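Spelled out, the chains give:
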Amino acid sequence: AHTKSESPMGNLLRGNKKGGASEAKLSKAIDRTQKKDKAENARTIKLLLLGAGESGKSTLFKQMRRLYGVAFDKKELMIYKPGIMRNIIETCKELAIQCRELDPKQFPRPELSEEAKEAAAQIEKLDDGNTLDAKVGGLLKTLWNDKAIQKTYEYSAAYQLIDSVHYFMASENLDRICAKDYVPNYQDCLRCRIRTTGVVEFKFDVEKNQFIIIDVGGQRSERKKWLHFFQGVTAVIFVAAMSEYDQVLFEDTETNRLDESVGLFKQIANHESFKDTSMILFLNKSDLLEDKMTKVKFSAWREDFTGDDNSFEDIVAYMKDTFASQVDQENAISQKLYSHVTCATDTDQVAAVFTAVKDILLQESLVTSGLIE
């Protein structure tokens, strides 16, 4: 009798009595493998560190490396030495130039003393990669301590200056840096500003879980590289510098830094790739904000700010609301936003914040993988 032939797929799906036991065994083995894969995936936490240039991302990255990797040894500390010296020379040159060129009506200041003029002339002849010594240190101090330069420094929002100026120019630090046997300490390295170009990745294990942190350059020219890292991300850590409400971008002197940060966060938080991805907002540079708010009114940035210009808490609350309001309503339902106030140069505080973040991420990862309800 003619029997209707079955497709191979039909046979596979239906199985037969003889192969039933072995198929059940195979099915169990597949289940075990899938469960193991789920557990492995849950143990890998991939974090993408994003934010505009100068927000403090790379400082946080250094802190996490030190906290969860290995301490910086002498060889690694010495890598930062030329960058630290370059930061100091470039800063003092910029201060000397701005002291001459800033509009005296808009930025009133006294005249440079003759001694400071002579020091400025010699400093401006230095190569940016010059090694600092006691003689150069003396010139730098003469310039820095001049009243005209101090007043020019107060106007630094009008031009580009690194945040660490005050730290490096403090007499005890400058003396140490200009010494013959100078070896940078960890805080020097944290404060050293070297723009991130390309991508830096760091892997570390915590409680049998592997964390992968990826830091990519924040300047506009670097952002086209970001898209390559959007897949398979557990969470985005977005870093915004709260103190930059009166500053403009390094790459575009018409755009306010905090406006850029808010706009960039809006793009990231609502990106298709991050629909179900946790957003962790680090409102950074809290120390600089506390200092600046006493000199520059925060309400000058946003007219709808109705809080007290002298209240750190009011400013932080407004910042949190401003960033949270950038998330589209449909994304806000599936996406979680966690906000933390940070000072990237404070190791103890970064450790405490990251411990809280780590616990949240581990819990979420287990839920996502179906290992816990």
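Data block above holds the structure.
What you see is a predicted model; the values in this text were computed from it and never measured.

(A) Region of interest: the packing of helix α5 (residues 81-101) against helix α8 (residues 147-154). Close contact between α5 and α8 brings their axes to 9 Å; oriented N to C, the two are set at 90 degrees. Considered as vectors, α5 and α8 are oriented roughly perpendicular to each other. Mapping the contact onto sequence places Leu95, Ala96, Gln98 and Cys99 in α5 and Ala148, Ile149, Thr152 and Tyr153 in α8. Of the residues assigned to the contact of α5 with α8, the class counts are 6 nonpolar, 2 polar and no charged.

(B) The arrangement of the packing of aromatic side chains in detail. Under the defined criterion, the tally for this structure stands at 20 aromatic pairs. For the ring pair Phe72 and Tyr80, a centre distance of 6.2 Å and an interplane angle of 20 degrees mean the geometry is stacked. For Tyr80, a relative accessible area of 13% translates into the label buried. Each residue in the set Phe61, Tyr68, Phe202, Phe204, Phe211 and Phe354 is aromatic and connected to the rest through ring pairs, giving one cluster. For the cation-ring pair, Lys292 lies above Tyr245, with the distance from its terminal atom to the ring centre recorded as 5.8 Å. The ring of Trp301 has Arg302 lying over it, and the distance from NZ or CZ to the ring centre is 4.3 Å.

(C) Representation of a negative patch on the surface. On the surface, Asp287, Glu290, Asp308, Glu313, Asp314, Asp346 and Asp348 cluster together into a negatively charged patch. The set of elements that each furnish at least two residues to the negative patch consists of α13 (286-292) and α14 (312-324). For Asp287, the position within the fold is in helix α13.

(D) Geometry of empty space enclosed by the protein. Counted according to the given criterion, the structure contains 1 cavity of 30 Å³ or more. Size it by volume and the largest cavity reaches roughly 50 Å³. Ala52, Gly53, Ser55, Val239, Ala240, Ala241, Glu244, Leu249, Arg257, Leu258 and Ser261 together form the lining of the largest cavity. Within the residue set of the lining of the largest cavity, elements represented by two or more residues are β4 (235-241) and α12 (257-269). Taken together, the residues of the lining of the largest cavity sort by class into 6 nonpolar, 3 polar and 2 charged.

(E) Quick look at the layout of surface pockets. The computed volume of the largest pocket comes to approximately 1,100 Å³. The wall of the largest pocket is formed by 47 residues, among which Ile162, Asp163, Ser164, Gln247 and Leu288 lie closest to the centre. Only α3 (57-68), α8, α9 (165-169), α11 (186-191) and α13 provide two or more residues apiece to the lining of the largest pocket. Looking at side-chain class alone, the lining of the largest pocket contains 18 nonpolar, 16 polar and 13 charged residues. The volume enclosed by the second largest pocket comes to roughly 410 Å³. The wall of the second largest pocket is formed by 19 residues, among which Asn87, Glu90, Ile162, Arg195 and Phe250 lie closest to the centre. The leading source of residues in the lining of the second largest pocket is α5, at 8 residues. Taken together, the residues of the lining of the second largest pocket break down into 5 nonpolar, 4 polar and 10 charged.

(F) Representation of the pairing of strand β3 (residues 209-216) within the structure. Most of β3 is tucked away: 7 of the 8 residues are buried. Judged from the 6 bridges that link them, strand β1 (residues 44-51) and β3 form a sheet pairing that is parallel. In the strand pairing of β3, Leu48 is matched with Ile214. As paired elements, strand β2 (residues 199-206) and β3 share 8 bridges and run antiparallel to each other. Each bridged residue has a counterpart across the sheet, and for Asp205 the counterpart in β3 is Gln210.

Quick notes on the rules
Residues numbered from 1 in each chain as written. Predicted model: local features only at pLDDT ≥ 70, side-chain atom pairs only at ≥ 80, totals over all residues. Heavy atoms only, no water. Axes fitted to C-alpha atoms, helices over the stretch in contact; angles between N-to-C directions. Helix = DSSP H or I, 4+ residues; strand = E, 2+ residues; numbered from the N terminus. Parallel < 35°, antiparallel > 145°, perpendicular 65-115°, else oblique. Contact = heavy atoms within 4.5 Å. Nonpolar A, V, L, I, M, F, W, Y, C, P; charged D, E, K, R; others polar. Phe/Tyr/Trp six-rings, centres within 6.5 Å; stacked < 30°, edge-to-face > 60°. Buried < 20%, exposed > 50% of the residue type's maximum accessible area, 1.4 Å probe, protein only. Lys NZ or Arg CZ within 6 Å of the ring centre and 35° of its normal. Patch = residues over 30% accessible without salt bridge, like charges linked within 9 Å, V, L, I, M, F, W, Y side chains within 5 Å. Areas by Shrake-Rupley, 256 points an atom, 1.4 Å probe, with all protein chains shown as cover. Salt bridge = Lys/Arg side-chain N within 4 Å of Asp/Glu carboxyl O. Lys, Arg positive; Asp, Glu negative; His and termini not counted. Charge placed at Lys NZ, Arg CZ, Asp CG, Glu CD. 1 Å grid on protein atoms, 1.4 Å probe; cavity = no way out; pocket = protein on both sides within 12 Å on 5 of 7 lines; lining within 4 Å. Points joined across faces, edges and corners; volume = space filled by probe spheres on them. Pairing = 2+ DSSP bridges.

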